[in-house]
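Examination of the molecular architecture
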Amino acid sequence: MSQELEGQHRLILIGPQGSGKGTQAELLSVYLQIPTISTGQLCRSEIEHGTELGKKIEQWVRGGELVPDDVITAMLKKRIADYDAQDGFILDGFPRTVAQAEASESWMRPTKVIVLEINDKVAVARMTSRRACTQCRFKTTAEYVAKHGDECPRCFGKIVQRDDDSPEVIQTRLDMYHRVTQPVINFYRDRDECERFNGALSIPLVFMEIAHVL
Ligand SMILES: [Zn+2]
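Being a predicted model, the structure only gives us computed values, none of them experimental. (Residues numbered from 1 in each chain as written. Predicted model: local features only at pLDDT ≥ 70, side-chain atom pairs only at ≥ 80, totals over all residues. Heavy atoms only, no water.)

**Topic: the overall build of the protein**
A tally of regular secondary structure across the protein gives nine helices and eight strands. Here the C-alpha atoms of the protein give a radius of gyration of 18 Å, agreeing with the 17 Å that 2.2 N^0.38 yields for 214 residues. With respect to the principal axes defined by its C-alpha atoms, the protein has extents near 55 × 40 × 35 Å. Classification of the 214 residues of the protein by burial places 40% in the buried group. For the protein, the proportion of contacts with a sequence separation of at least 24, taken over those separated by at least 6, is 72%. Entry remark: accessible area of the protein is about 12,100 Å², with carbon and sulfur atoms responsible for 53%. Within the protein, the 31 negative side-chain charges are centred at a point lying 3 Å from the centre of the 27 positive side-chain charges. (Helix = DSSP H or I, 4+ residues; strand = E, 2+ residues; numbered from the N terminus. Rg over C-alpha atoms; globule rule 2.2 N^0.38 Å. Buried < 20%, exposed > 50% of the residue type's maximum accessible area, 1.4 Å probe, protein only. Contact = heavy atoms within 4.5 Å. Areas by Shrake-Rupley, 256 points an atom, 1.4 Å probe, with all protein chains shown as cover. Lys, Arg positive; Asp, Glu negative; His and termini not counted. Charge placed at Lys NZ, Arg CZ, Asp CG, Glu CD.)

**A look at the layout of surface pockets**
Its volume calculated, the second largest pocket comes out at about 150 Å³. Lining the second largest pocket we find Leu-42, Ser-45, Glu-46, Leu-53, Ala-74, Met-75, Lys-78, Arg-79 and Asp-82. When contributions to the lining of the second largest pocket are tallied by element, the ones reaching two or more residues are α2 (39–48) and α4 (69–80). At four residues, α4 tops the list of elements feeding residues into the lining of the second largest pocket. A per-class count over the lining of the second largest pocket returns four nonpolar, one polar and four charged. (1 Å grid on protein atoms, 1.4 Å probe; cavity = no way out; pocket = protein on both sides within 12 Å on 5 of 7 lines; lining within 4 Å. Points joined across faces, edges and corners; volume = space filled by probe spheres on them. Nonpolar A, V, L, I, M, F, W, Y, C, P; charged D, E, K, R; others polar.)

**Some thoughts on the packing of aromatic side chains**
For the coordinates displayed, the defined rule picks out four aromatic pairs. On the numbers, 5.4 Å between centres and 85 degrees between planes, the contact of Tyr-31 with Phe-207 is edge-to-face. Of this pair, Tyr-31 sits in helix α1 (residues 21–32) while Phe-207 sits in helix α9 (residues 203–213), and the two are 176 residues apart along the sequence. On the basis of relative accessible area, Phe-207 is assigned to the buried category, the value being 16%. Judged by centre distance (6.4 Å) and plane angle (70 degrees), the rings of Phe-138 and Tyr-144 are edge-to-face. Given the relative accessible area of 15%, Phe-138 is considered buried. With relative accessibility at 22%, the residue Tyr-144 sits in the partly exposed group. (Phe/Tyr/Trp six-rings, centres within 6.5 Å; stacked < 30°, edge-to-face > 60°.)

**Some points on the sheet that holds strand β5 (residues 130–133)**
Sheet strands associate in pairs through backbone hydrogen bonding, adopting either a parallel or an antiparallel arrangement. Taken together, the three strands give an open sheet; going across it, the order is β6-β5-β7, and neighbouring strands pair in antiparallel fashion. With partners counted over all chains shown, the strands left at the sheet margins are β6 (139–141) and β7 (159–160), one partner each. Pairing of β5 with β7, which is carried by two bridges, proceeds in the antiparallel orientation. Note that in β7 the partner of Ala-132 across the bridge is Val-160. (Pairing = 2+ DSSP bridges.)

**Examining the coordination of the zinc ion**
Taken together, the protein ligands of the zinc ion are Cys-133 (SG), Cys-136 (SG), Cys-152 (SG) and Cys-155 (SG), with distances of 2.3 Å. One can describe the donor arrangement at the zinc ion as tetrahedral, given that its four donor atoms subtend angles of 100 to 115 degrees at the metal. (Donors = N, O, S within 2.8 Å, 3.2 Å for Na, K, Ca; no water. Tetrahedral: all angles 85-135°; square planar, octahedral: opposite > 155°, others 65-115°.)

**Quick notes on the environment of Ile-57**
Mapped onto the secondary structure, Ile-57 falls in helix α3 (residues 52–62). Under the relative-accessibility criterion, Ile-57 is labelled buried at 0%. Along the primary structure Ile-57 and Val-67 are separated by 10 residues, whereas in three dimensions their C-alpha atoms are 6.4 Å apart.

See the structure below:
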C-alpha cells in the first residue's frame, strides 16, 4: 500500500521551541492547502475521544513511557490516508527518533525535510518574551505589553506569561530537543530533500525562503 501519490507534498518540519515551527506549519498549511499532522495532537485526540487506544496512550504517558513506535506509525498511516491529505501533509513531531525515521522510509519518503535552526540564546529570549491572552489565546510579546498594557486588543481579556515559559524550563526543553532530535536531523542532513533555515529571522522572511524551495 503506497501513500506516495504524484505531486504530493510530504513535508517533515523540524525545529526547537522558539524557532517559529508552529507558525510556519500554519502558514504552509494555508499556502499549500494541506493539513499539518502532529503526532502529539493525534495522541491527545484519541485520549479525548476515550477510545481503547486513547486509554492505552494515557497509561503510557502517565507511566512516563513513550508511546511505542508501532502505535505512532499505525495512527499516522491511517491519518495520511484521509481524503484531506491526498495532496500532501506537514508532519510535526514525527519522526521523533532515528528508528522512526528509518522505518518510515518504506511508507513515507519525505519530499522535503525542513529544519529550522536557532541558537539556544535566541530561542530562550524569544520564549521568555512570549505573552498570550488567557481568554482568546491572542499571542504577543513582552515588548507589546510594556508598550500597550496587558489588556487583550481582541477580546479585552488579560495578557499573561505562561508558567512553563521560565528560562530554566525552556532550557531544559531545548536540552532535550538537542539530545533527541539532533540524531534525526543528522539522519536527513546529507540528502537533497533536506533544507535548513535560519529560524532567528522574521516569520515572513523564513516563510518566503521555505516557499522558495517547495
Ligand atoms: Zn483575548
